[in-house]
Amino acid sequence: MSIIEIKNLTFAYETQNVLKDISLMIKKGTITCLLGNNGSGKTTLLDNILGIYPSQKGLIKVHGDEINKISISKRAKYISYIPQNHEEHFPYTVLEIVLMGRNPYLKAYERSKKEDLTRVDEALSLMGIMALKDRLYTQLSGGEMKMVLFARAYVQDTDIILMDEPTASLDLKNEQILLERVAYLVKEKHKTIIMSSHEINHPLYFDRHKIETQVAMLKKGRILYQGSVKEVVLEQNIEAIYDVKTKILPYTLDDGDEGRTVITM
Ligand SMILES: Nc1ncnc2c1ncn2[C@@H]1O[C@H](COP(=O)(O)OP(=O)(O)OP(=O)(O)O)[C@@H](O)[C@H]1O
């Protein structure tokens, strides 16, 4: 059974439809990569899955229930979200920001327990950002903030994690850490991840690591191509979406692992 079912979703902010007849089935323990040019509707689709807008046309079900009928407290135990941009105006420390990921598990006025603080330490170590623990979140760089938000999603302990361009503004090392942690969460913890990305090599990376990966390529609010990495990440599809000519090149690593990489011409 699918953990997320989207059927014929059409959505408009005002009068013009931004998402058009989107249907997507997402299995537990898989990654879905949303690719598409700027303004194609990736963030809007993630926001709809999160249930932050009243439903318009079509249906989104999470764990078998219509998303807008699931209480906010239950939703926070089902889905965590790493937004593209996150502004925090209050000078919380990194510790406090990550600890917020445990809020869905606290009763009204209940204080964090020792176990919650242990989870925060575990997440900060996992992301290699223990040194940031007492820093003010408002004073971090964009890339450091992204790593902190991933740690917050990790402690929230949801089955589903939505990520909006999670590697944007990360340096090469942190991009590698993030991709490895995403792969770990899916393979070892059976999390279900939906991530938007402008990096076509991301689905190829997950495919090489033998993670079940679905790709949905959007253009002007429609999914034009949908399926496995091998079915969808093709030169002609990339050109149809981005109007850019590319080559997909095969490579073999020293250990014999084979993969493919996309280069622009
Ligand atoms: N709050 C809003 N009100 C009105 N229109 C919006 C709003 N948010 C987004 N849009 C419009 O909806 C369309 C889809 O935007 P969205 O942010 O979902 O695209 P995206 O694929 O995530 O783009 P990007 O790759 O640039 O992040 C765009 O034309 C955008 O201008």
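So, how was this worked out
Residues numbered from 1 in each chain as written. Predicted model: local features only at pLDDT ≥ 70, side-chain atom pairs only at ≥ 80, totals over all residues. Near = placed C-beta within 6 Å. Helix = DSSP H or I, 4+ residues; strand = E, 2+ residues; numbered from the N terminus. Buried ≥ 20, exposed ≤ 12 C-beta atoms within 10 Å, placed from the backbone. Pairing = 2+ DSSP bridges. Right-handed = clockwise from strand over helix to strand, strands pointing away. UniProt positions renumbered as here; feature names shortened; annotations may be inferred.

When you look at the site of the ligand in this model, what are you seeing that I'm missing?
With respect to spatial proximity, the complete set of residues near the ligand consists of Tyr 13, Val 18, Gly 36, Asn 38, Gly 39, Ser 40, Gly 41, Lys 42, Thr 43 and Thr 44. Considering every element that reaches the shell around the ligand, the biggest residue donor is helix H1 (residues 42-50), with three residues.

Explain the environment of Glu 188 here, please?
Mapping Glu 188 onto the fold places it in the loop between helix H6 (172-187) and strand S8 (192-196). Given 8 C-beta atoms within 10 Å, Glu 188 falls into the exposed group.

Can you walk me through the pairing of strand S4 (residues 57-62) in this structure?
In regular strands, side chains alternate between the two faces of the sheet. Across five bridges, strand S1 (residues 2-12) lies against S4 in antiparallel orientation. Following the sheet pairing, Lys 7 is matched in S4 by Leu 59. Judged from the two bridges that link them, S4 and strand S5 (residues 65-66) form a sheet pairing that is antiparallel. Bridge pairing links Val 62 to Asp 65 in S5. Adjacent in sequence and paired antiparallel, S4 and S5 are bridged by two residues, among which His 63 carries a positive phi angle near 55°.

Would you mind showing me how to read unusual backbone geometry here?
What is expected of a backbone is that most residues other than glycine have negative phi and most peptide bonds are trans. Unlike most non-glycine residues, Ser 169 shows phi in positive territory, near 75°. Along the polypeptide, Ser 169 turns up in the loop between strand S7 (160-164) and H6. On the basis of neighbour count, Ser 169 is assigned to the partly exposed category, with 16 C-beta atoms found within 10 Å. Its identity is not glycine, yet Lys 220 carries a phi of approximately 50°, on the positive side. With respect to the element layout, Lys 220 can be found in the loop between strand S9 (213-219) and strand S10 (222-228).

Help me understand the pairing of S7 in this model?
Across the five residues that make up S7, a large majority, five, are buried. Side chains Ile 160, Leu 162 and Asp 164 of S7 all project onto a buried face; the interleaved residues Ile 161 and Met 163 project onto the opposite face, where all are buried too. Inspection of the sheet shows strand S6 (residues 79-82) paired to S7 by four bridges, in the parallel sense. Along S7, the bridge assignment pairs Ile 79 with Ile 160. Here five bridges tie S7 to S8, and the two strands are oriented parallel to one another. In the sheet register, Met 163 faces S8, and the bridge partner there is Met 195. Chirality of the crossover, the property in question, places the unit of S7, H6 and S8 among those that are right-handed.

Before we go on, may I ask you to explain the UniProt feature "domain: ABC transporter" (unreviewed entry) in the chain in this structure?
The feature "domain: ABC transporter" (unreviewed entry), as annotated in UniProt, sits at residues 4-245 in this numbering. Helix and strand shares over residues 4-245 are 36% and 26% respectively, and the end C-alpha atoms of the span are 33 Å apart.

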